[in-house]
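If you want the building blocks of each chain, they are given just below.
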Amino acid sequence: MPAKKRLLFVNQELAPYMPSSPMASLAKETVLAIHGKSAEVRTFMPNFGAINERRNQLHEVIRLSGANIPINDNDHPLILKVASLPPARIQVYFIDNDDFFQKEDSDIDAIGSNRADNDERAIFYARGTAETVRKLKWEPNIIQSSGWMTALTPLYMRKLAKECPEFTDTRLVYAPDASTIQAPLDPEILRKLAEDGVIEADDPRFAGREADTDLLHRLAIEHSDALVCLAPINPELIELARERQIPVITAEELGEGKERIEKLKEFYLSL
């Protein structure tokens, strides 16, 4: 019997932990549908302040916690918590940090899409994910990052693969959806990424572009092996993926309901 494929879903939102949204619901449907005889699934998400830790039985994993992640000369401690997604008991890892993910009075939604530090929140989530994946000793065949909050994960996983040969063959999939950042993104984001060594300073593919949600999508697509469009997106981004000659499946091709889940499953298992 062939070995199961290992799929890691790096989510922005996941039901039932977050308030109901189309993205959170689709993430749950997808991981439950794929986990089984042909694939083993695990998933990540930020530990947003809207999550009820007691009701959802989150607990800290000491051996995976404690790293300090420096961003722009400030150290931010990484706390890793875990829970099991019913009914399949899929492992869900929660990237936690009080500075970035706990609820603030100014938040306009559950993920704080209006915050001024969304660039550093996305950097912390991506770096925390890469650090945790390295420590888990569970090498996925496919890593899908879904939503703008996860867009930098492919960049940091590329860097990890250079340092850890066991991740060299991991396929990176990016899945933008319709959610957008609701505040200006710090234009210093490219400098911060260059200082982390995940992009080149003054890379012509990104330099001079407006710091917005599309920039995050572009960064992700340039470092991914496939594109899954969970909602209609800027056609220029789809064209970018096709120019790179990576597999693409659009929202129109996916359709709705059970058909969408089956097509997603086929797409992942074909990579």
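A quick note: this is a predicted structure, and the numbers were derived from the prediction, not measured.

Considerations on unusual backbone geometry
A cis amide bond links A15 with the next residue in sequence, P16, at an omega value of 5°. If you trace the backbone, P16 turns up in the loop between strand 1 (5-11) and helix 1 (22-34). In this structure, D73 is a non-glycine residue whose phi angle is positive, near 75°. Along the polypeptide, D73 turns up in the loop between strand 4 (68-71) and strand 5 (74-77). Positive phi, close to 60°, is recorded for K137, a residue that is not glycine. Within the fold, K137 resides in the loop between helix 3 (118-136) and strand 8 (142-146). You can call K137 exposed: its relative accessible area is 61%.

Section: empty space enclosed by the protein
By the definition in use, this model includes one cavity of 30 Å³ or more. Counted as a void, the largest cavity has a volume near 90 Å³. As for the largest cavity, its lining consists of 13 residues, of which A27, T30, Q144, S146 and L230 are closest to the centre. Looking at the lining of the largest cavity, the elements that each hand over two or more residues are strand 1, helix 1, strand 8 and helix 9 (257-270). Looking at the lining of the largest cavity residue by residue, the classes come out as eight nonpolar, four polar and one charged.

What about the side chain of E120?
Its location among the elements puts E120 in helix 3. Beyond its immediate chain neighbours, meaning those up to four positions away, E120 contacts I71, N72, F100 and K192.

Let's talk about the pairing of strand 7 (residues 90-96)
When you tally the buried positions in strand 7, you get six out of seven residues, the bulk of the element. Sheet analysis places strand 2 (residues 39-46) next to strand 7, joined by four bridges and oriented parallel. In the sheet register, P46 faces strand 7, and the bridge partner there is I95. Relative to strand 7, strand 6 (residues 79-85) runs antiparallel, the two sharing seven bridges. Counted as the bridge partner of L85 is I90 from strand 7. The antiparallel pairing of strand 6 with strand 7 creates a hairpin that spans four residues between the two strands, and R89 there sits at a positive phi of about 60°.

Parameters at a glance
Residues numbered from 1 in each chain as written. Predicted model: local features only at pLDDT ≥ 70, side-chain atom pairs only at ≥ 80, totals over all residues. Heavy atoms only, no water. Helix = DSSP H or I, 4+ residues; strand = E, 2+ residues; numbered from the N terminus. Buried < 20%, exposed > 50% of the residue type's maximum accessible area, 1.4 Å probe, protein only. 1 Å grid on protein atoms, 1.4 Å probe; cavity = no way out; pocket = protein on both sides within 12 Å on 5 of 7 lines; lining within 4 Å. Points joined across faces, edges and corners; volume = space filled by probe spheres on them. Nonpolar A, V, L, I, M, F, W, Y, C, P; charged D, E, K, R; others polar. Contact = heavy atoms within 4.5 Å. Pairing = 2+ DSSP bridges.

Such coordinate-based values are descriptive only and should not be taken to indicate function.
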